[in-house]
Amino acid sequence: MTTENILEAARQRGAGQPYAGAVTPQEAFELLRSSPKVKLVDVRTNAERDWVGRVAIPDAQHAAVQWATYPGGVPNPDFGAQLEKVAKPDDILLFLCRSGVRSRHSARVATELGYANAFDILEGFEGDKDGEGHRKTLGGWCKAGLPWVGA
């Protein structure tokens, strides 16, 4: 699948959303491999990245901007300013969180800030909990077998 095909499918999948669209974890990885102008923005807390794991992609394409702070889980008041330091308005930005909730909010706010190519990564890094309360078994970056490091 080409970059343009992936982006078109993502835009259709996200039709009606307040951001550019939504990609699967596999599509996100293909986009990252296709162009250095594509960046993954991990909006989980620093603690989540340290204790749970993070994507294993080139540093130049990986950014970390917390949606909520740790501890406390309060909204990050500097989200926009921190995003501006790691992304350009014409970059293709792929937002990732644990299961796909914070990433949608982040993509929406990025769009409101002028980032026209802000996409949500569906399922997140760990996906939803399974019947036993575990993650990384029902969707997400890890379940898809994409490169990651950590716990």
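Residues numbered from 1 in each chain as written. Predicted model: local features only at pLDDT ≥ 70, side-chain atom pairs only at ≥ 80, totals over all residues. Heavy atoms only, no water.

Identification of the protein chain as Rhodanese-like domain-containing protein from Massilia arenae is taken from an unreviewed UniProt entry.

**Q** I would appreciate a short explanation of the UniProt feature "domain: Rhodanese" (unreviewed entry) in the protein chain in the present structure.
**A** The sites that UniProt annotates as "domain: Rhodanese" (unreviewed entry) are residues 34–137. What you have in residues 34–137 is 25% helix and 18% strand, and the ends, taken at the C-alpha atoms, are 27 Å apart. (UniProt positions renumbered as here; feature names shortened; annotations may be inferred. Helix = DSSP H or I, 4+ residues; strand = E, 2+ residues; numbered from the N terminus.)

**Q** What is the right way to look at unusual backbone geometry in this model?
**A** If a residue is not glycine, its phi is most likely negative; likewise, a peptide bond is most likely trans. Backbone torsion omega between tyrosine 70 and proline 71 reads -5 degrees, so that peptide bond is classified as cis. Inspection of the secondary structure assignment puts proline 71 in the loop between strand 4 (62–64) and helix 4 (79–86). With a phi close to 75 degrees, glutamate 123 is a non-glycine residue in the positive phi region. With respect to the helices and strands, the residue glutamate 123 is situated in the loop between strand 6 (118–121) and helix 6 (140–143).

**Q** Can you walk me through the side chain of asparagine 76 in this structure?
**A** Residue placement: asparagine 76 occurs in the loop between strand 4 and helix 4. Since its relative accessible area comes to 10%, asparagine 76 is described here as buried. Looking at asparagine 76, its side chain comes within polar contact range of the side chain of glutamine 82, at 2.8 Å. Filtering out sequence-adjacent residues up to four positions away, asparagine 76 remains in contact with Gln66, Trp67, Ala68, Thr69 and Gln82. (Buried < 20%, exposed > 50% of the residue type's maximum accessible area, 1.4 Å probe, protein only. Polar contact = N/O pair within 3.5 Å; in protein donor to acceptor, adjacent residues only side chain to side chain. Contact = heavy atoms within 4.5 Å.)

**Q** Any chance you could explain the environment of valine 52 here in plain terms?
**A** Positionally, valine 52 belongs in the loop between helix 3 (46–51) and strand 3 (54–55). Each C-alpha atom of the pair valine 52 and methionine 1 lies 30 Å from the other, and the pair is 51 residues apart in sequence.

**Q** Where do I start with the packing of aromatic side chains in this structure?
**A** The description of two aromatic rings rests on the distance between their centres and on the angle between their planes. In this structure the tally under the stated criterion is four aromatic pairs. Ring geometry for tryptophan 51 and tyrosine 70: centres 5.7 Å apart, planes at 90 degrees, overall edge-to-face. Taken together, the positions of tryptophan 51 in helix 3 and tyrosine 70 in the loop between strand 4 and helix 4 put the pair 19 residues apart, joining distant regions of the chain. For tryptophan 51, a relative accessible area of 58% gives the class exposed. An angle of 80 degrees between the planes, with centres 5.1 Å apart, marks the rings of tryptophan 67 and phenylalanine 79 as edge-to-face. A residue pair is termed long-range when its members are at least 10 positions apart, and tryptophan 67 in the loop between strand 4 and helix 4 and phenylalanine 79 in helix 4 qualify at 12 residues. Above the plane of the ring of phenylalanine 125 lies arginine 44, whose end atom (NZ or CZ) is 4.3 Å from the centre. (Phe/Tyr/Trp six-rings, centres within 6.5 Å; stacked < 30°, edge-to-face > 60°. Lys NZ or Arg CZ within 6 Å of the ring centre and 35° of its normal.)

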